[in-house]
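Coordinate analysis (summary)
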Amino acid sequence: MLIELVWAIKMRARLLKYLVFPVLFFAVAAHAEVFEQTLHNGLKVIVKEDHRAPVVVQQVWYRAGSMDERTGTTGIAHVLEHMMFKGTKSVPVGEFSKRIAAAGGRENAFTSYDYTAYFQQLHKSRLPLAMQLESDRMHNLSLSDAEFGKEIKVVMEERRMRTDDEPQALLSEKLMAAAYQEHPYQHPVIGWMNDLLTLSAGDARAWYGLWYAPNNATLVVAGDVKASEVFALAQRYYGDIPARKLPARKNFSEPPQLGVKRIVVKAPAQLPRLVMAYHAPVLRDPAQDWQPYALEVLAGVLDGNESARLNKALVREQQLASSVGAGYDSTSRGPGMFMLEGTPSEGKSVAELEAGLRAQLAQLVQDGVSEDELKRVKAQVTASEVYKRDSVFYQAMQIGQLESIGLSYKAIPLMLQKLQAVTAQQVQEVAREFIKDDNLTVAVLDPQPLSGEHKHVRGGASHAH
Amino acid sequence: MHTKIAAAVLVFSGALFFSGTAFATPKIQHWQAPSGARVYFVEDHDLPILDVAADFAAGSSFDTAEKAGLAGLTHGLLDLGAEGLSEDEIARNLADIGAQMGGRFDADRSGMSLRTLSSAVERDQALNILARVLQRPLFPENVLAREKTRLIAGLKEAETKPESIAGKAFGKAVFGTHPYGLSSEVASVGKIQRADIEAFYRVHYFAQAAVISIMGDVTRAEAEAIAQQLTGQLPQSGDAGSIPLVTMQINASEQRIAHPATQSHILIGVPGMARNDPDYFPLYVGNYILGGGGFVSRLMLEVREKRGMAYNIYSYFVPTRQPGVFQIGLQTKKEQADEALQLVRATLREFIAKGPTAKELQAAKQNIIGGFPLRIDSNKKILEYLSVIGFYGLPLTYLDDFTGKVDKVSVAQIHDAFRRRINPDAMATVIVGAPKVGNPQPPSGGAELTPPDGKEPGDKTEHGQ
């Protein structure tokens, strides 16, 4: 059971998220293999047929992530994800995992800012079992006080492991807390430690009651299956679960940032680290929007391969950094961010690295990008689209993700076309518009000696803006 | 990719489960190229993708303590400059066609892999680059200097991370001065000169030592030409030397190393088994029951599910040329580290003393056999198997035999194999971030034990844990 560290993933995601199934020229064929039906209770069922191997993946995506939480109970979306493995009225604690294992299956779940998802990968003949178990826990979860008491400790250990003892993760957490003033992206998906300490089984029951309903979920099945058979199975296992009235979602915005913010995080480490995060738009209307596509290409021009601008200039030529990166994700429920990051070389300061990164962006804004750079980024997108077809799991992931953030898998071919149509001028324009100080939060990791007198910074501690 | 799948009739109930299971496996073609390289090929035209890997016996176990890091640097520099191609040209030319070059490096193996579109233009350009990288690397002096600096910065950073500190001390405790226990040090990397790298390359990268794995959309004739193209310019023969024998019996040891982290990182282990080990299957299946089987292993149940004491708890064998490590690991909050350690030891002791139950063994077989199709459901996974089969000289029928070998394992065999291999009274234990008990020791030099992908290739899930 894991937290999808969206922030970290954003830095790595680069072009990968466009690597869905249909590339332009494959679009027609591949698209035809996706089928969709909505059950009477509102559960949307999407099937991607892929007959290369006798396996199937089932994923259930709930449109409830940490951004739907409230202050004081941060982390509850992820805690509930853990509790989903802790038994129902008819399937005792531990049985879910045992039965999936006995069927030769692999299973897990992940929580992000935007959604919570559960999956099983199995031989195609075992899909009914996976559906039986997954549909059961959609509405029959036990959520006992005793199991909650044990599992919350596991989650606290997870937080210690992933964040409190990981200086870079700590830096990311505090960066998000500083960059967002109003939007709930300011809270970490795993929750603040102080909230974890006070969460109760009642909080978990309340969360489950609010969001776990067929009309708040998307069921994605991909693999060696027939869509018609999957729809029949879905109707049989999920069809009788009653729909529920969902709470109104608060439409959070993020007020304009009126000047640069800077934070420093002290933690035991050797190397300093710099992250620069700029507020940026995300995709809302795949047909009309153009800036998110241009920002994707910008990230590719800066950091799409080892000889792209940042690595070539700052790591290889100037040797100002031992590593650098750029990242942007155009698809999310909440607001977006364009990130630059890096670790200075020994003997170079964070300030020098920041100046180096700024110089790269300034040069791009002034001189634009070359046609070669543009073509290179687009070629990588095209190829990655084909590579994506080697993984049934990620094909399903992409569908679930887009559906859960309010876009549609049907927009994928269009999104790819739009990406291919991005011009050099558009890349220059988004760099000019969004990479500016009024939009910027800078976070610096200030490394501390292991045995020093410093106080270890724990999760939940306040930060300076 | 697997066209004969439909022929496999699966019976998933009761006693028939094992005897009735037959999964179609990819047909592996094998030959020796004129260069002397051994070639493993699966022809599959479902996707317009070609995957290629080249592996050499040139892993970190060929390092000496004095210049530890030499093998890794040699590997790392392969694609940073080759005859007629600067490092930037290599990266750019690959990106231009959307090809992806990757490396893999562990105690035994040094390998490069390539994924490209299979259409002629892309494929030829990608293979030309890989051919030059493998056969005509330049190891430019200025690139070496830069990469050494970056590596040293990384090593210094690792010295502050509890998991790295633990891994290093643990490797030394398990393997003593054997090269499997070696780790790169700031000082040893500092001594490496270009002449060392050239000499290492000359000794270890020759055609007869090469294993070429080819998966995907090419014909047999094309595959034959590719294998020769990638190895024909290498010296045909050479003497890479052999890895010394591992001392299997070790003395009990326990190191407690101070660290400000909130969690203790605990490692317990001994030398375990080799890839060609006669006990491979009993140990592999037994370990699934002990600590390998996701949410249903004994260690997971005792430490996490029953008591909530850890998020991450596992055991695994690293099956290498010589016996690699058997390792149990967990992270738990500092205050309860000793309690967790006692619990893990008691669980292990009980398992060694009594072996698994018949029921546990049945459940393990159901998972490993029933989940077999998931191990070979993508070109990427099959390529990984080709390379393991080729490198370790496993039978070409390895995949065909896999489920049968698992099915034949008995409770008595597991009990016997574990008792012979693992003496709970003579194991190495390392606790980093230890509670203040015993004699805290400063982090000492030792081994960075990076388990190469320890397990069966197919054990890797697509989604972490």
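Notes on the structure in this doc start here. These numbers were taken from a predicted model, which means no experiment stands behind them.

**Some thoughts on the overall build of chain B**
Helix and strand content of chain B: 17 helices and 12 strands. Out of the 465 residues in chain B, the part that is buried amounts to 61%. Considering only contacts within chain B whose residues lie at least 6 apart along the sequence, 82% involve residues at least 24 apart. Per element, the accessible surface of chain B, about 16,700 Å² overall, is 53% carbon and sulfur.

**Some details on the pattern of salt bridges**
Per the counting criterion, the structure on display carries 63 salt bridges over all chains. Note that Asp279 of chain B is salt-bridged to Arg421 of chain B, the shortest N-O span being 2.9 Å. Taken together, the residues Asp279 of chain B in the loop between strand S8 (263-271) and helix H10 (280-292) and Arg421 of chain B in helix H17 (residues 411-421) connect sequence positions 142 residues apart. Judged by its relative accessible area of 9%, Asp279 of chain B is buried. Judged by relative accessible area, Arg421 of chain B falls into the buried class, the value being 17%. Across the salt bridge formed by Glu350 of chain B and Lys354 of chain B, the nearest N and O atoms sit 3.5 Å from each other. Placement of both Glu350 of chain B and Lys354 of chain B in helix H12 (residues 337-354) is noted, with a separation of four residues, approximately one turn of the helix. Counted as one network, the salt bridges with shared partners bring together Lys312, Arg316 and Glu317 of chain A together with Glu87, Asp88, Arg146, Glu147 and Arg150 of chain B.

**Side note on the pairing of strand S1 (residues 29-32) of chain B**
Regular strands place their side chains on alternate faces of the sheet. All names here are of chain B. In S1, alternate side chains face the same way, and those of Gln29 and Trp31 are buried while those of His30 and Gln32 on the opposite face are not. With four bridges joining them, S1 and strand S2 (residues 38-43) adopt antiparallel strand pairing. Each residue of the ladder has a partner; that of His30, found in S2, is Tyr40. The antiparallel hairpin formed by S1 and S2 contains five residues in its connecting segment, where Gly36 sits at a positive phi of about 105°.

So, how was this worked out
Residues numbered from 1 in each chain as written. Chains lettered and ligands numbered in written order. Predicted model: local features only at pLDDT ≥ 70, side-chain atom pairs only at ≥ 80, totals over all residues. Heavy atoms only, no water. Helix = DSSP H or I, 4+ residues; strand = E, 2+ residues; numbered from the N terminus. Buried < 20%, exposed > 50% of the residue type's maximum accessible area, 1.4 Å probe, protein only. Contact = heavy atoms within 4.5 Å. Areas by Shrake-Rupley, 256 points an atom, 1.4 Å probe, with all protein chains shown as cover. Salt bridge = Lys/Arg side-chain N within 4 Å of Asp/Glu carboxyl O. Pairing = 2+ DSSP bridges.

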